[in-house]
Amino acid sequence: MIDFHADTAYELIKYKSSILKNNGHVDLEKLKEGGYLAQWFAMFINLKKLNDIPIFDCFNDMYNYFVEEVEKNRGKIEIVSTYSEYQRAIKAHKIAAFLSLEEGEVVKDGLHMIDKLEDMKIRLMTITWNLKNSLGSPHTFPNEGLTDYGKEVVNYLNTKNILVDVSHLSDKGIDEILSISKKPVIASHSNARAKWNHTRNLSDEHIKQIANTGGIIGVNFYNDFLSASKISKIYDIVQMTKYLVNVAGEDNIGIGSDFDGIDCPLEIKNASFINLLKDALRKEFTSNQIDKLTFKNAERIIQILS
């Protein structure tokens with residue numbers, strides 16, 4: 001299993017907890033039990049909770065805490081940023097930890113901030129979270145797109161080793177990124193709007209266009225993005241996956257659980273239970289297709305990184 005999105009880094013620093021074992025959805029013991037190869041860990045920033053602390057300082061504090069936790073457990077997990085590093089970690093029986101940024105406002109002070117992120121091994125970046133920022137507007141403002149600076153950022157990311165993540169972004173913003181981007185576009189934790197009508201979910205047209213870039217859409221486990229159910233059901237995740245595969249093709253869908261970032265009751269209670277999803281997928285997909293959905297499609301994207 002390779003999961004494109006979890007907010008574990010935010011939870012770790014919030015509760016000063018351990019990546020080895022904690023009360024959240026993701027820790028090293030749960031990842032091992034679930035048979036994970038890699039996990040993308042998002043550095044999530046809530047602009048409403050900065051408390052007058054500079055945003056890069058908030059990001060840096062979270063990043064440093066996460067790195068320290070990885071270092072404490074270096075025999076079990078390794079931060080990686082390339083396919084060769086990923087392979088090395090897997091051969092050493094370690095969890096490969098990829099890093100992403102969930103809030104583009106971190107780079108508000110100039111394009112040089114993207115260079116910093118690249119040096120810190122950030123390899124995936126959303127433009128927004130759920131709030132407007134200096135780069136663009138979120139999904140709740142569908143007709144408001146990227147700012148001029150946001151377009152500069154996307155153009156610059158095209159020259160860097162950081163992929164663009166359109167999860168949380170407005171419809172117009174996604175249109176603009178699809179017209180600008182020269183690399184595969186990622187929607188790390190997004191579902192299909194035609195299957196379940198929510199602004200956070202993607203239109204069929206965007207799903208097809210993301211697939212046409214060679215990108216990946218990670219299926220989100222949050223109940224509000226799946227169905228009317230008050231809990232996140234395995235059946236609904238499978239049906240959403242089936243719909244996305246029918247629209248985008250089996251080579252362009254992955255998993256983006258949003259573990260540690262969602263607060264609904266879950267049938268897949270945490271990462272250690274992920275095999276329940278694999279078992280359910282067998283009713284709809286072949287073994288080869290399940291391999292693609294759960295790790296091979298992700299590995300194809302990782303091979304782009306260098």
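Residues numbered from 1 in each chain as written. Predicted model: local features only at pLDDT ≥ 70, side-chain atom pairs only at ≥ 80, totals over all residues. Heavy atoms only, no water.

(A) View of the overall build of the protein. Each helix and strand counted, the protein has 11 helices and nine strands in total. Along the first, second and third principal axes, the C-alpha set of the protein runs to 45 × 45 × 35 Å. For the protein, the residues scored as buried account for 62% of the 306 residues in total. In the protein, of all internal contacts separated by at least 6 residues, the share reaching a separation of at least 24 is 70%. Carbon and sulfur atoms make up 48% of the accessible area of the protein, which amounts to about 12,300 Å² in all. (Helix = DSSP H or I, 4+ residues; strand = E, 2+ residues; numbered from the N terminus. Buried < 20%, exposed > 50% of the residue type's maximum accessible area, 1.4 Å probe, protein only. Contact = heavy atoms within 4.5 Å. Areas by Shrake-Rupley, 256 points an atom, 1.4 Å probe, with all protein chains shown as cover.)

(B) Layout of the pairing of strand S2 (residues 38-44). Buried residues dominate S2, accounting for seven of its seven residues. Both faces of S2 are covered, namely the face carrying Ala38, Trp40, Ala42 and Phe44 and the face carrying Gln39, Phe41 and Met43. As defined by bridge partners, strand S1 (residues 2-6) adjoins S2 across three bridges and the pair is classed as parallel. Within the sheet, the bridge partner assigned to Asp3 lies in S2 and is Gln39. Direction of pairing for S2 relative to strand S4 (residues 95-102): parallel, over a ladder of seven bridges. Across the sheet, Met43 pairs through a bridge with Leu101, a residue of S4. (Pairing = 2+ DSSP bridges.)

(C) Broad picture of the packing of aromatic side chains. The full count for this structure, using the stated rule, is 11 aromatic pairs. Taken together, Phe4, Trp40, Tyr83, Tyr86 and Phe98 form an aromatic cluster joined through their ring pairs. One Lys or Arg, Lys132, reaches over the ring of Phe141 and ends 4.3 Å from the middle of that ring. For the cation-ring pair, Lys269 lies above Phe273, with the distance from its terminal atom to the ring centre recorded as 5.8 Å. (Phe/Tyr/Trp six-rings, centres within 6.5 Å; stacked < 30°, edge-to-face > 60°. Lys NZ or Arg CZ within 6 Å of the ring centre and 35° of its normal.)

(D) Examining the pairing of strand S8 (residues 216-219) more closely. Going residue by residue along S8, you find Ile216 and Gly218 tucked away on one face and Ile217 and Val219 tucked away on the opposite face as well. Two elements, strand S7 (residues 186-187) and S8, share two bridges in a ladder whose sense is parallel. The residue of S8 that forms the bridge with Ile186 is Ile216. Once you follow S7 into helix H8 (residues 204-212) and on to S8, the crossover reads as right-handed. In this region the chain leaves S8, passes through helix H9 (residues 234-248) and returns to the parallel neighbour strand S9 (residues 253-255); the handedness of that crossover is right-handed. (Right-handed = clockwise from strand over helix to strand, strands pointing away.)

(E) Representation of the packing of H8 against H9 in the model. Look at H8 against H9: their axes get within 9 Å of each other, and the N-to-C directions meet at 65°. Both H8 and H9 take part in a crossing whose hand is right-handed. The residues of H9 that touch H8, namely those facing Asp204, Ile207, Lys208 and Ala211, are Tyr243, Leu244, Val247 and Ala248. Tallied by class, residues from the contact of H8 with H9 come to six nonpolar, no polar and two charged. (Axes fitted to C-alpha atoms, helices over the stretch in contact; angles between N-to-C directions. Left-handed = near helix turned anticlockwise from the far one by under 90°. Nonpolar A, V, L, I, M, F, W, Y, C, P; charged D, E, K, R; others polar.)

(F) Representation of the nonpolar core in the model. In terms of nonpolar packing, the biggest core is built from 92 residues, with Met43, Phe59, Phe66, Phe221 and Leu277 touching the most fellow members. When residues of this core are assigned to their parent elements, the largest contribution, nine residues, is made by helix H3 (residues 55-72). Those residues in contact with Phe66 that lie beyond four places of it in its chain are Ala9, Leu12, Ile19, Phe41, Met43, Ile79 and Leu99. Counting residues in each nonpolar core, the second largest holds 18 residues, with Val80, Tyr86, Ala96 and Leu163 among its members. (Core = buried A, V, L, I, M, F, W, Y, C linked by side-chain atoms within 4.5 Å.)

(G) Representation of helix H4 (residues 83-91) within the structure. Of all the positions in H4, only Glu85, Tyr86 and Ala89 are classed as buried. One side of H4 carries all its buried residues, which in axial view fall inside an arc of 105°. Lining the buried residues of H4 we find S1, S2, strand S3 (77-79), S4 and helix H11 (287-302). Of the residues one or two after H4, His93 is the one with positive phi, at around 60°. (Arc of directions from axis to C-beta.)

(H) Broad picture of unusual backbone geometry. Phi at Asp52 is positive, roughly 65°, even though this residue is not glycine. Mapped onto the fold, Asp52 is located in the loop between S2 and H3. Positioned with a positive phi, Asp258 is a non-glycine residue whose angle comes to about 70°. Its location among the elements puts Asp258 in the loop between S9 and helix H10 (275-281).

(I) Quick peek at the packing of helix H6 (residues 148-157) against helix H7 (residues 171-180). The N-to-C vectors of H6 and H7 enclose an angle of 40°; their axes lie 10 Å apart at closest approach. Classified by the angle between their axes, H6 and H7 sit oblique to one another. As H6 packs across H7, the resulting crossing turns out to be right-handed. Residue-level inspection shows Lys151, Val154 and Asn155 of H6 in contact with H7, the latter providing Glu176, Ile177 and Ile180. Per-class residue counts for the contact of H6 with H7 are three nonpolar, one polar and two charged. (Parallel < 35°, antiparallel > 145°, perpendicular 65-115°, else oblique.)

(J) Examining the environment of Leu12 more closely. Residue placement: Leu12 occurs in helix H1 (residues 8-15). Accessibility expressed as a relative area gives 1% for Leu12, which makes it buried. For Leu12 and Asp27, which are 15 residues apart along the polypeptide, the C-alpha to C-alpha distance reads 9.7 Å. Beyond its immediate chain neighbours, meaning those up to four positions away, Leu12 contacts Ser17, Ser18, Ile19, Asn22, Tyr65 and Phe66.

These values are about where atoms sit, not about what they do.
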